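Residues per chain are reported as follows:
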Amino acid sequence: FYLRPHKSLDKIFEEYGVEEKVTPEMLDEWTNIATKIFLDTKDEDKCIKRLIPEAQKLGRRLGVPEEKLSAFTRDIIRTTLFYLQAVIIINNIIKQGSEG
């Protein structure tokens, strides 16, 4: 199987015209926030509800226009959740492989 998100983070930033404003520190901060929320909630719906305001803050910080902010929020959360779920799945596969 080959799985990939609907859009990469690079593609999202490019699509919304903010790729020049994204810094490694911003990405690290977003990753830390999203991971903490994901691990704290253990429920996708609760996770999404808590990620929405954080994704909006990120979008505003990057200068995403207000009329595009909800689409940016949806895209960034969707891609982030894909990556977080992929890490968990890969981790489970590795654990099963080492146990067997």
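Residues numbered from 1 in each chain as written. Predicted model: local features only at pLDDT ≥ 70, side-chain atom pairs only at ≥ 80, totals over all residues. Heavy atoms only, no water.

Asker: Please explain the packing of helix 2 (residues 24–41) against helix 4 (residues 66–99) as it appears in this structure.
Answerer: Packed helix pairs are characterised by how far apart their axes lie and by the angle those axes make with each other. Packing of helix 2 against helix 4 brings their axes to within 11 Å, and their N-to-C directions diverge by 65°. In terms of axis orientation, helix 2 runs roughly perpendicular to helix 4. At the point where helix 2 passes helix 4, the crossing takes the right-handed sense. The segment helix 2 lies against helix 4, with Trp30, Ala34, Thr35 and Phe38 engaging Ile76, Thr80, Leu81, Leu84, Gln85 and Ile88. Taken together, the residues of the contact of helix 2 with helix 4 sort by class into 7 nonpolar, 3 polar and no charged. (Axes fitted to C-alpha atoms, helices over the stretch in contact; angles between N-to-C directions. Helix = DSSP H or I, 4+ residues; strand = E, 2+ residues; numbered from the N terminus. Parallel < 35°, antiparallel > 145°, perpendicular 65-115°, else oblique. Left-handed = near helix turned anticlockwise from the far one by under 90°. Contact = heavy atoms within 4.5 Å. Nonpolar A, V, L, I, M, F, W, Y, C, P; charged D, E, K, R; others polar.)

Asker: Explain the pattern of salt bridges to me, please; I cannot follow it from the model alone.
Answerer: Close approach of charged atoms lets side chains of opposite charge pair. Following the criterion strictly, the structure yields 6 salt bridges and no others. The partner of Asp40 in a salt bridge is Lys36, and the shortest N-O contact between them spans 2.7 Å. A residue pair is termed a helical-turn pair when its members lie 3 or 4 positions apart in one helix, as Asp40 and Lys36 do in helix 2 at 4 residues. For Lys36, a relative accessible area of 51% puts it in the exposed group. The structure contains a network of salt bridges with shared partners spanning Lys7, Glu15 and Asp75. (Salt bridge = Lys/Arg side-chain N within 4 Å of Asp/Glu carboxyl O. Buried < 20%, exposed > 50% of the residue type's maximum accessible area, 1.4 Å probe, protein only.)

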